[in-house]
Amino acid sequence: FTLQKMTTSFTLLVLFGCLHVCTYADKTRYTNEWIVEVKGGPEVADEIAQRHGFKNLGKIGNLQDHFRFLLQGEVSGLHMSSKSEAISQEEQVINAKQQVVKRRVKKGYTAPVDSQWYKQWSLKNTGQTNGPSGLDLNVEKAWLQGITGEGVIVGVVDDG
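Now for a quick tour of the structure. (Residues numbered from 1 in each chain as written. Predicted model: local features only at pLDDT ≥ 70, side-chain atom pairs only at ≥ 80, totals over all residues. Heavy atoms only, no water.)

1. A few points about the overall build of the chain
If you tally the helices and strands in the chain, you get 4 helices and 4 strands. Going from the N terminus to the C terminus, the chain shows its helices and strands as α-β-α-β-β-α-β-α. Within the span of the chain, comprising 160 residues, buried residues form 18% of the whole. Considering only contacts in the chain between residues 6 or more positions apart, those separated by 24 or more positions represent 56%. Counting only carbon and sulfur atoms, one obtains 55% of the accessible surface of the chain, whose full area is about 12400 Å². (Helix = DSSP H or I, 4+ residues; strand = E, 2+ residues; numbered from the N terminus. Buried < 20%, exposed > 50% of the residue type's maximum accessible area, 1.4 Å probe, protein only. Contact = heavy atoms within 4.5 Å. Areas by Shrake-Rupley, 256 points an atom, 1.4 Å probe, with all protein chains shown as cover.)

2. A look at the pattern of salt bridges
Enumeration according to the criterion identifies 4 salt bridges in this entry. When the shortest N-O distance is used, the salt bridge between Glu33 and Arg68 registers 2.9 Å. Taken together, the positions of Glu33 in strand S1 (residues 30-38) and Arg68 in strand S3 (residues 66-71) put the pair 35 residues apart, joining distant regions of the chain. With its nearest N and O atoms 3.0 Å apart, the salt bridge here joins Lys124 to Glu140. (Salt bridge = Lys/Arg side-chain N within 4 Å of Asp/Glu carboxyl O.)

3. Overview of the packing of aromatic side chains
Describing an aromatic ring pair means giving the distance of the ring centres and the angle of the ring planes. Tallying each qualifying case throughout the model produces 2 aromatic pairs. Ring geometry for Trp34 versus Phe54: centroids 5.0 Å apart, planes at 80 degrees, classification edge-to-face. One end of the pair, Trp34, is in strand S1; the other, Phe54, is in strand S2 (residues 54-59), with 20 residues separating them in the sequence. For Phe54, a relative accessible area of 5% translates into the label buried. In this structure an aromatic cluster arises from ring pairing among Trp34, Phe54 and Phe69. (Phe/Tyr/Trp six-rings, centres within 6.5 Å; stacked < 30°, edge-to-face > 60°.)

4. A closer look at the side chain of Ser84
Mapped onto the elements, Ser84 comes out in helix H3 (residues 81-88). Taking the relative accessible area as the measure of exposure, Ser84 reaches 11% and is therefore buried. With residues near it in sequence (within four places) discarded, Ser84 still touches Trp34, His79, Ala96 and Gln98.

5. A few points about unusual backbone geometry
Although it is not a glycine, Asp65 adopts a positive phi angle of roughly 65 degrees. One non-glycine residue, Asn130, lies in the positive phi region at around 70 degrees. Position of Asn130 among the secondary structure elements: in the loop between strand S4 (93-100) and helix H4 (139-144).

6. Re the nonpolar core
By size, the foremost hydrophobic cluster in this structure holds 14 residues, and its most contacted members are Val36, Val38, Phe69 and Ile87. Elements with a minimum of two residues in this core: S1, helix H2 (42-51), S3 and S4. With 4 residues, the single largest contributor to this core is H2. Setting aside residues no more than four positions away along its own chain, Val36 makes contact with Asp65, His66, Phe67, Phe69, Ile87, Val93, Asn95 and Ala96. (Core = buried A, V, L, I, M, F, W, Y, C linked by side-chain atoms within 4.5 Å.)

As structure tokens, this is what we get:
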């Protein structure tokens, strides 16, 4: 090995690495999970998953014939169209989609505009009724996570 060959090899390695990072930064990131619609039930889904290097994680809720497949091994985060195409060639497969990483954007939180807010110790207890502060439903922490409570029932048990 000469110094010139080593320098050339190193330069190509750096350029390839930069090219990979630069192109990767602008692309959609993919997971190692696929949603696959399979006719024939869980047994057929298991067989197809195993044949293509996946693990069938099971049926998705109440969706008929829809299964979650996990690709075994490490995934680069890039689209693996060859895997999608190969599994889609199976006669019982109706559809197969590699899942995309979704970027979650937190919405801002502001305290409710309510003239009686300070009296609602069960929502935010600051000790306003001479009791211990902090014993409340922690709703502000839930709101910060984007949880609104729609469709949720809360029960408060007060033994006093």
